[in-house]
Amino acid sequence: MTSNQTIERCIDECLRCLRWCSQCRAESLNHDPAMMKECIRLCSECLELCRTCVTLLADRSEFAHRLCGLCSELCAACAAECGKHDGETMGECAEACRQCAATCSQVAKGG
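Predicted model only: the values in this text are computed from it and were never measured.

Student: Describe the overall build of the chain, with residues and values.
Tutor: A tally of helices and strands in the chain yields 4 helices and 0 strands. Reading the secondary structure of the chain in the N-to-C direction produces α-α-α-α. Its C-alpha atoms give the chain a radius of gyration of 13 Å, within 12% of the compact-globule value 13 Å for 111 residues. Across its three principal axes, the chain shows a C-alpha extent of roughly 45 × 15 × 15 Å.

Okay, here's the thing in structure tokens:
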């Protein structure tokens with residue numbers, strides 16, 4: 001069973017990740033969308049999945065832990081992609097995604 005503290009931390013990490021993925025995607029679209037295609041795609045998917053995780057976690061859904069497992073994988077992929085690029089936003093996004101991946105993984109294992 002996952003503790004309430006871990007669930008609350010996961011919600012916070014998902015919200016932080018959502019924020020940075022949204023900002024990273026917007027910045028990538030304004031620079032060179034063709035070159036940043038994979039970053040844009042992963043940030044888009046990541047922010048949507050994080051948004052859904054927040055909803056299921058807040059509702060204490062019985063399916064939240066399974067979705068968090070997938071979110072962990074997607075966040076890790078997004079962190080790796082954003083980490084390849086220079087810039088403060090890219091770095092913040094990669095770090096937010098790494099932290100979210102770790103916390104979502106904890107929730108998934110505790111489910």
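Student: Let's hear about the pattern of salt bridges: which residues, and what values?
Tutor: Inspection of every chain in the model, using the stated rule, returns 7 salt bridges. Here Glu 81 and Lys 84 are joined by a salt bridge, their closest N and O atoms 3.2 Å apart. Taking relative accessible area as the criterion, Lys 84 reaches 61% and is therefore assigned exposed. The structure contains a network of salt bridges with shared partners spanning Glu 38, Arg 41 and Glu 45.

Student: If you had to explain helix 1 (residues 4-31) to someone new, which residues and values would you point to?
Tutor: Taking 1.5 Å per residue, 28 residues should reach 40 Å; helix 1 reaches 41 Å between its end C-alpha atoms and fits that length. Those residues of helix 1 lying buried are Thr 6, Ile 7, Cys 10, Ile 11, Glu 13, Cys 14, Cys 17, Leu 18, Trp 20, Cys 21, Cys 24 and Ser 28. Looking at the packing, one finds that the buried side of helix 1 touches helix 2 (37-58), helix 3 (64-82) and helix 4 (88-110).

Student: Any chance you could break down the packing of helix 1 against helix 4 for me, citing the residues and the numbers?
Tutor: Their axes nearest at 8 Å, the elements helix 1 and helix 4 cross at an angle of 150°. By the angle between their axes, helix 1 is roughly antiparallel relative to helix 4. For the pair helix 1 and helix 4, the sense of crossing is left-handed. Its residues assigned to classes, the contact of helix 1 with helix 4 comprises 13 nonpolar, 7 polar and 6 charged.

Student: Describe the state of the cysteines, naming the residues involved and giving the relevant values.
Tutor: Each disulfide consists of one covalent bond between the sulfur atoms belonging to two cysteines. In total, this model carries 0 disulfides according to the counting rule given. Counting only cysteine sulfurs, Cys 43 is the nearest neighbor of Cys 78, a cysteine outside any disulfide, at a range of 3.7 Å. Classification of Cys 78 by relative accessible area gives buried; the value is 0%. There is no disulfide at Cys 104, and the cysteine sulfur nearest it, in Cys 10, is 3.6 Å away.

Student: Any details on the packing of aromatic side chains? Residues and values, ideally.
Tutor: Summed over the entire model, instances satisfying the criterion amount to 0 aromatic pairs. Here the guanidinium or amino end of Arg 19 rests over the ring plane of Trp 20, the centre of that ring lying 4.5 Å away.

Student: Can you break down the nonpolar core residue by residue, with the values?
Tutor: Cys 21, Cys 46, Cys 50, Leu 57, Cys 75, Cys 82 and Cys 97 are the most contacted members of the largest nonpolar core, which totals 39 residues. When contributions to this core are tallied by element, the ones reaching two or more residues are helix 1, helix 2, helix 3 and helix 4. Ranked by residues supplied to this core, first place goes to helix 2 with 11 residues. Those residues within four positions of Cys 75 in sequence are excluded, and the remaining contacts are Cys 17, Cys 46, Cys 50, Cys 97, Cys 100 and Ala 101.

Definitions and cut-offs
Residues numbered from 1 in each chain as written. Predicted model: local features only at pLDDT ≥ 70, side-chain atom pairs only at ≥ 80, totals over all residues. Heavy atoms only, no water. Helix = DSSP H or I, 4+ residues; strand = E, 2+ residues; numbered from the N terminus. Rg over C-alpha atoms; globule rule 2.2 N^0.38 Å. Salt bridge = Lys/Arg side-chain N within 4 Å of Asp/Glu carboxyl O. Buried < 20%, exposed > 50% of the residue type's maximum accessible area, 1.4 Å probe, protein only. Expected span 1.5 Å × (residues − 1). Contact = heavy atoms within 4.5 Å. Axes fitted to C-alpha atoms, helices over the stretch in contact; angles between N-to-C directions. Parallel < 35°, antiparallel > 145°, perpendicular 65-115°, else oblique. Left-handed = near helix turned anticlockwise from the far one by under 90°. Nonpolar A, V, L, I, M, F, W, Y, C, P; charged D, E, K, R; others polar. Disulfide = S-S within 2.5 Å. Phe/Tyr/Trp six-rings, centres within 6.5 Å; stacked < 30°, edge-to-face > 60°. Lys NZ or Arg CZ within 6 Å of the ring centre and 35° of its normal. Core = buried A, V, L, I, M, F, W, Y, C linked by side-chain atoms within 4.5 Å.

Without other data, these values stay purely geometric and don't point to any function.
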